[in-house]
Amino acid sequence: MIQYPRYRRHRFSSFQVIIAGFAAVDLVGALLLMLPIAAQQRCVTPFHEALFTSTSALCVTGLVVQDTGSYWSAFGQSVILLLIQIGGLGVITVGAAFALLSGRKISLKQRSTMQEATAAPQMGGIVRLTGFILRITALFELAGAALLLPTFCADYGLRGIWYALFHSISAFCNAGFDLLGTEGAKFVSLTRYAGDPLLTTVIAALIIFGGLGFLTWEDICTYRLDFRRYRMQSKVILVTTAFLLVLPTLYFYCFEFTAGSARQRILLSMFQSVTPRTAGFNTADLAAMDSTSQALMVVLMLLGGSPSSTAGGMKTTTFAVLLANMWATFRRRDDAEFFGRRIDGSAVKNAATIAGMYLTLFFLGAFVIAAAEQLPMSVCLYETASAVATVGLTLGITPQLGVLSQGVLIALMFLGRVGGLTLIYAAFGSSPAHSRLPQEKIAIG
């Protein structure tokens with residue numbers, strides 16, 4: 001009797017499931033946006049423009065090739081808002097929410113995928129954490145919409161209800177999409193409300209709250225103001241976030257926004273320090289800002305928000321771990337430390353890898369766009385930083401880019417949202433090697 005070899009059924013890893021989920025939702029979103037009903041002119045949107053918009057919404061970026069308020073219909077705007085919400089929560093989290101609502105049991109494999117998607121420290125309690133994520137998201141988005149309602153209703157009547165909900169979700173999910181553009185004034189973002197303290201403060205607060213991370217909010221809700229009982233990660237996130245908000249605000253106030261009243265300068269400075277992390281709204285003319293201020297915003301964009309949050313970028317913890325490791329090296333210490341705790345060596349290695357990958361994508365993308373479009377490298381670096389860190393701020397060149405350059409930005413947005421390590425683990429597997437090569441020293445520095 002002939003014995004035929006047995007083929008083992010291929011099992012997809014958690015990382016492959018996450019990437020496949022994002023790609024599938026992205027494609028469906030693009031196809032929906034191509035429908036004539038999605039555009040105000042009832043025309044078929046070209047596939048590359050629909051894919052760009054869908055990717056930007058799902059990856060909560062905010063870069064657009066068509067003005068959201070003047071080009072897309074109510075249906076198109078609803079599709080974009082749904083993609084923003086899915087992207088902010090995460091495809092896996094949304095899928096788990098539907099499973100929970102339908103009463104289905106979550107398998108061990110699904111729990112593992114949920115753990116990877118939410119960056120949870122352990123699999124235990126992952127279903128409870130998912131429920132907490134949904135509740136805290138609904139709370140902040142509805143509260144934000146209620147606070148924005150008086151301003152938008154005063155300016156737009158009943159349409160203001162839709163505007164308040166859209167901008168609240170867009171802000172909390174760190175997406176940066178707005179509906180305020182018109183045929184005569186496109187891509188205006190929130191510049192009209194630069195001097196409105198209520199709207200700018202609410203939007204800025206939603207951006208910060210969404211970018212802190214759901215695990216940090218779990219600590220805040222559990223332990224209130226007892227900072228000592230927080231996870232070390234939450235402590236690092238809160239301290240680093242405060243550092244990255246206060247210092248840029250002071251710089252913008254002292255050196256960039258020097259005209260106008262003190263209140264106007266504070267609002268402009270505060271908002272432009274918040275929005276690069278990674279929201280994409282703006283209340284100032286970014287192209288008119290000083291080159292030093294633009295460079296500072298590029299740095300803030302690349303750093304981004306925090307793990308398990310709606311924000312993108314390298315993440316605050318990556319920046320903090322690299323600083324701590326540098327400080328330990330200066331003091332000739334073997335281990336980086338935070339709050340009396342030693343940082344695992346693998347965290348330092350992952351932080352260096354993530355930073356290297358983001359910087360590589362950032363420079364490589366800008367090089368390709370600059371060569372293809374014959375544009376200054378500095379302008380292209382701003383756009384690629386905005387794309388790979390899923391920010392959405394622009395100096396105004398994105399709508400004029402060719403198909404190749406738009407494709408580069410689509411790839412950067414997708415890579416920036418799903419995460420470089422996720423892609424590597426999906427492609428090559430994450431099983432550690434069981435053998436080690438001989439060691440030899442190499443000079444560094």
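Residues numbered from 1 in each chain as written. Predicted model: local features only at pLDDT ≥ 70, side-chain atom pairs only at ≥ 80, totals over all residues. Heavy atoms only, no water.

Caption draft 1: Region of the structure containing the overall build of the protein chain. Of regular secondary structure, the protein chain possesses 18 helices and two strands. Across the 445 residues that make up the protein chain, the buried fraction comes to 52%. Excluding contacts between residues fewer than 6 apart, the proportion of contacts in the protein chain whose partners are at least 24 apart in sequence is 68%. Total accessible area on the protein chain is roughly 21,800 Å²; 64% of this is exposed by carbon and sulfur atoms. (Helix = DSSP H or I, 4+ residues; strand = E, 2+ residues; numbered from the N terminus. Buried < 20%, exposed > 50% of the residue type's maximum accessible area, 1.4 Å probe, protein only. Contact = heavy atoms within 4.5 Å. Areas by Shrake-Rupley, 256 points an atom, 1.4 Å probe, with all protein chains shown as cover.)

Caption draft 2: Representation of a nonpolar patch on the surface. A contiguous nonpolar surface patch, about 380 Å² in accessible area, is contributed by Val28, Leu32, Leu35, Ile37 and Phe75. Turning to its location among the elements, valine 28 is positioned in helix H1 (residues 14–34). On the accessibility criterion, valine 28 (47% relative accessible area) is partly exposed. (Patch = residues over 30% accessible without salt bridge, like charges linked within 9 Å, V, L, I, M, F, W, Y side chains within 5 Å. Salt bridge = Lys/Arg side-chain N within 4 Å of Asp/Glu carboxyl O.)

Caption draft 3: Representation of the pattern of salt bridges. Counting across every chain of the model gives seven salt bridges. Between aspartate 155 and arginine 192 there is a salt bridge, with the nearest N and O atoms lying 3.8 Å from each other. Pair noted here: aspartate 155 is in helix H7 (residues 126–156) and arginine 192 is in the loop between helix H8 (159–172) and helix H9 (197–212), with a separation of 37 residues, a long-range link. Close ionic contact of arginine 331 with glutamate 337 constitutes a salt bridge, the shortest N to O distance being 4.0 Å. Each of Glu218, Asp219 and Arg231 takes part in salt bridges that share partners, so that together they form one network.

Caption draft 4: Broad picture of the environment of leucine 82. Along the polypeptide, leucine 82 turns up in helix H4 (residues 74–89). Overall, leucine 82 belongs to the exposed group, its relative accessible area being 54%. Taking C-alpha positions, leucine 82 is 8.5 Å from leucine 58, a pair spaced 24 residues apart along the chain.

Caption draft 5: Structural context of the nonpolar core. In this structure, Ile84, Phe152 and Ile203 are the most contacted members of the largest nonpolar core, which totals 106 residues. In terms of residue count, the dominant contributor to this core is H7 (nine residues). Discounting residues that sit within four places of it in the chain, isoleucine 203 has contacts with Leu148, His167, Ala171, Leu190, Phe271 and Phe281. In this structure, Ala324, Ala336, Phe338 and Ala351 belong to the second largest nonpolar core, which totals nine residues. (Core = buried A, V, L, I, M, F, W, Y, C linked by side-chain atoms within 4.5 Å.)

Caption draft 6: Quick look at the packing of aromatic side chains. For the structure shown, the criterion picks out 17 aromatic pairs. Both rings, one in phenylalanine 172 and one in phenylalanine 214, keep their centres 6.5 Å apart while their planes meet at 55°; by these two values the pair is tilted. Here phenylalanine 172 is found in helix H8, whereas its partner phenylalanine 214 is found in helix H10 (residues 214–223), with 42 residues between them in sequence. In this structure phenylalanine 172 comes out as buried when scored by relative accessible area, which is 1%. Centre to centre, the rings of phenylalanine 227 and phenylalanine 339 are 6.2 Å apart; their planes meet at 70°, and the pair counts as edge-to-face. With phenylalanine 227 in the loop between H10 and helix H11 (232–256) and phenylalanine 339 in the loop between strand E1 (337–338) and strand E2 (341–342), the pair connects residues that are 112 residues apart, well separated along the chain. The exposure class of phenylalanine 339 is partly exposed, given its relative accessible area of 44%. (Phe/Tyr/Trp six-rings, centres within 6.5 Å; stacked < 30°, edge-to-face > 60°.)

Caption draft 7: Main features of the packing of helix H15 (residues 345–373) against helix H17 (residues 403–418). At a minimum axis distance of 9 Å, the contact between H15 and H17 shows a crossing angle of 170°. Here H15 lies roughly antiparallel to H17, going by the angle between them. Listed contacts from H17 to Tyr358, Leu361, Gly365, Val368, Ile369, Ala372 and Glu373 of H15 are Leu404, Ser405, Val408, Leu409, Leu412, Leu415 and Gly416. Here the residues of the contact of H15 with H17 are counted per class, giving 10 nonpolar, three polar and one charged. (Axes fitted to C-alpha atoms, helices over the stretch in contact; angles between N-to-C directions. Parallel < 35°, antiparallel > 145°, perpendicular 65-115°, else oblique. Nonpolar A, V, L, I, M, F, W, Y, C, P; charged D, E, K, R; others polar.)

Caption draft 8: Spatial organisation of the UniProt feature "transmembrane region" (unreviewed entry) in the protein chain. Summarizing the sequence annotation, UniProt attributes the feature "transmembrane region" (unreviewed entry) to residues 12–39, 79–101, 132–149, 161–181, 193–216, 236–255, 351–372 and 408–428 in the numbering used throughout. The span residues 193–216 is 79% helical and 0% strand by assignment, and the distance between its end C-alpha atoms comes to 30 Å. (UniProt positions renumbered as here; feature names shortened; annotations may be inferred.)

Caption draft 9: Spotlight on the confidence of the model for the protein chain. The share of residues in the protein chain with pLDDT of 70 or more is 84%, and the mean pLDDT across the chain is 87. No element of the protein chain has a lower mean pLDDT than helix H18 (residues 420–428), at 60, and none a higher one than H8, at 96. (pLDDT = per-residue confidence, 0-100.)

Caption draft 10: Unusual backbone geometry, seen in detail. Note the cis peptide between arginine 277 and threonine 278, where omega equals 0°. Tracing the sequence through the fold places threonine 278 in the loop between helix H12 (262–274) and helix H13 (291–303). Look at valine 60: it is not a glycine, yet its phi comes out positive at around 45°. On the secondary structure map, valine 60 appears in the loop between helix H2 (47–58) and helix H3 (68–71). The exposure class assigned to valine 60 is buried, which follows from its relative accessible area of 0%. For serine 308, which is not glycine, the phi dihedral falls at a positive 55°.

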